[in-house]
Structures are given as structure tokens and as C-alpha cells.
Amino acid sequence: MTDNLREKVNETAVELRGPYEFRAFTGCFPQQRCDVTEIFLIEKGAMTLTVDGKPYRVTAGEAALLPPGAIRSAHTALVPLLYQSLRFDTNAFLTGVHGNLRLLLPITAGKTTFPTVIRDAETMQAVKLLFEAARKQENAGSLFVTSYIYQLYGLLYRYHAPQVSAVPVTDSGMQEVLDYIDAHFTEPLSVAEISRQFGYAESHFCRRFKEVTGLTPVNYIRSLRMEMARRLLSEGGQSISEVAAICGFPDSSYFTRCFKKVYGKPPSFLINMGKN
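Summarised in this report is the structure supplied together with it. (Residues numbered from 1 in each chain as written. Predicted model: local features only at pLDDT ≥ 70, side-chain atom pairs only at ≥ 80, totals over all residues. Heavy atoms only, no water.)

## Some thoughts on the overall build of the protein
Broken down by element type, the protein carries 11 helices and 10 strands. The buried share of the protein, reckoned over its 276 residues, is 42%. Intrachain contacts of the protein at a sequence separation of at least 6 include 70% that bridge at least 24 residues. Taken as a whole, the protein presents about 14,100 Å² of accessible surface, with 51% of it coming from carbon and sulfur. (Helix = DSSP H or I, 4+ residues; strand = E, 2+ residues; numbered from the N terminus. Buried < 20%, exposed > 50% of the residue type's maximum accessible area, 1.4 Å probe, protein only. Contact = heavy atoms within 4.5 Å. Areas by Shrake-Rupley, 256 points an atom, 1.4 Å probe, with all protein chains shown as cover.)

Given below as C-alpha cells:
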């Protein structure tokens, strides 16, 4: 893909209203770029999907997975063409669970790629469940969408990505930092204090931390707290303010805003689900 071609691309500014965005389309679209992950599910007809200059034929009952930043266009000789689109920022689904970070960080860092066209039955079933949950827009929809996105990536790793280029921790000092944060994330932590404690200049520490984890130190700590909060709320028995305090959030209002931004629903939704 030449620089001249990239300059002519119709940039698509994607501002997701929540952790994901679902749409249905007919017809083709010109060359454009999208800075978040996008999946197309073809309902009727077929398209020739060009991704970063390489053409792919996608027909009814198949799906296409487009990584962030990919330049794409679609053409078809079959009318009508009906397809659905689901856009989401994979970074929004990073949590402090080590398996998630180990497997999703290479995706967000562009170190792991999957086939563009999805055809196998098991992965397609996960795609269809994902789109069904996104389309219904039920109260619990965002939770189902989150679970199906994890399931989809799990199947893609199982069947389509035997070689994973990892994002390793290459210095023992940064591993010590991660171990420390994992053990103390519910306590008051500041980037300045952590940098000083482990002998880093704060600017260098922040830059190195993001190289290793794909997240800023603040977002990494918040992801650990959010995952713990989600688990405690699902288990029940504690109020929102209690969970917020246990997980290290300064107040329940801030915790509620963070929780809704990540999971698409307020923490009260999980509590109410547990009562039903």
C-alpha cells in the first residue's frame, strides 16, 4: 500500500457510543479506513472485499474480520447485497486477567493476525451469536456481546493462529513492576510513586510500560480493578459502594462511570441480575 494511496483514503472517524457499534448495510462502499476492529457478516449476495490492496471473496453465510487501521473497499456484481457490520475497540476488552492480556495484547499491538475470511462452522456460529446479541440491544446485550467477543477470539486462536508473536516482558525490572501492581492494585497507587520506587524516570516508565502491556499504567490498574469489581458484583452479597471501596476506587460515583464505560451497563445491572 503506497503512501499516495493512503493519502486518498476516505478516513472513517469511528466514535463508538459504547464498547461496540452494530449496523446493517446494503450495497458496496468506497475505499476507506476504520481505526477499530470490524466484522462483516454477509446475509445475502457476495462481495469482493479489498483489504490493504488484497482482494477477498466473501459470500452469504461467511464473515470477514478486519483489523484496526485496515484500508478496505467492497464491490459486488450480485444484487441485492445485504450484510451486517459490528465495530469494536479490542482495547476496551482488555482486562487484568492474565490470559486476556497475554492473548489480546498481541492483537492490539498488531503482532497477531487472523485470516480475513471466516468460513468454518464453529467460528461462524460464534460470529452469528455475537451479531444476534448486538442486534437485539437487550438490557444484558453488552454483557453477551463481551462474552461472545472473547469466545470468537478464543476460537480464532484455536483454529487460525498457531503462531503467535507475543509481546514479551524483556526486562526483569518491568516484570517486578507488574508483579507489584498485581499484588497492590486495590491500594492507592500513583504513577509517580511506582516510577520512583522502581528507579524509573516517570516519562520513561510510562513509555516502557505501554510498550510492554499496550496500556498506560493508569488504565492497566483500572482494568485490574474493573475485572475484580465485575466478579464481586456477579457473586453478589455486597453493595456498589462496598465493591468500589474493596477494588480501590475513590468513590462509588466514579466507579459507576468507569464500569458503565467498560461494560455498557451500570454496576446495579449486575446486582439486579443476581436477584432475579
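Now that the structure is up, let's keep going.
## Overview of the side chain of Arg-72
Among the structural elements, Arg-72 can be located in strand 8 (residues 71-75). A distance of 2.5 Å separates polar atoms of two side chains, one belonging to Arg-72 and the other to Glu-38. Separated by 2.9 Å, the side chain of Arg-72 and the backbone oxygen of Ala-70 make a polar contact. In this structure, Arg-72 is in contact with Phe-29, Pro-30, Gln-31, Gln-32, Arg-33, Cys-34, Glu-38, Leu-49, Thr-50, Val-51, Leu-66 and Pro-67, ignoring residues within four places of it in sequence. (Polar contact = N/O pair within 3.5 Å; in protein donor to acceptor, adjacent residues only side chain to side chain.)

## Here we look at the packing of aromatic side chains
Under the defined criterion, the tally for this structure stands at 15 aromatic pairs. Aromatic side chains Phe-88 and Tyr-153 sit 6.3 Å apart centroid to centroid with 80° between the ring planes, which places their arrangement in the edge-to-face category. With Phe-88 in strand 9 (residues 82-88) and Tyr-153 in helix 4 (residues 141-160), this residue pair connects regions lying 65 residues apart in the sequence. Of the two residues, Phe-88 and Tyr-153, both sit in the buried class. Connected via pairs of aromatic rings, a cluster forms that spans Phe-25, Phe-29, Phe-40 and Tyr-83. (Phe/Tyr/Trp six-rings, centres within 6.5 Å; stacked < 30°, edge-to-face > 60°.)

## Remarks on the environment of Tyr-180
In this structure, Tyr-180 sits in helix 5 (residues 172-184). The contacts of Tyr-180, once residues within four sequence positions are left out, are Leu-189, Gln-197 and Phe-198.

## Digging into the nonpolar core
By size, the foremost hydrophobic cluster in this structure holds 30 residues, and its most contacted members are Val-177, Ile-181, Phe-205, Phe-209 and Phe-255. The element that contributes the greatest number of residues to this core is helix 8 (residues 217-235), accounting for eight residues. (Core = buried A, V, L, I, M, F, W, Y, C linked by side-chain atoms within 4.5 Å.)

## Quick notes on the pairing of strand 7 (residues 63-66)
The side chains of a regular strand alternate, first on one face of the sheet and then on the other. Of the two faces of strand 7, the one carrying Ala-63 and Leu-65 and the one carrying Ala-64 and Leu-66 are both buried. Relative to strand 7, strand 4 (residues 37-44) runs antiparallel, the two sharing four bridges. Residue pairing for strand 7: Glu-38 is matched across the bridge by Leu-66. Pairing of strand 7 with strand 10 (residues 117-118) involves two bridges; the strand directions are antiparallel. In the strand pairing of strand 10, Ala-64 is matched with Val-117. (Pairing = 2+ DSSP bridges.)

## A closer look at the pairing of strand 9
Counting buried positions along strand 9 gives six out of seven residues, so the element sits mostly inside the fold. Where strand 2 (residues 20-26) meets strand 9, seven bridges bridge the pair, whose relative direction is antiparallel. The partner of Glu-21 across the bridge, within strand 9, is Arg-87. In this structure, strand 4 lies alongside strand 9, joined through seven bridges in antiparallel fashion. Along strand 9, the bridge assignment pairs Glu-38 with Arg-87.

Remember that the coordinates give geometry; whether it matters functionally is a separate question.
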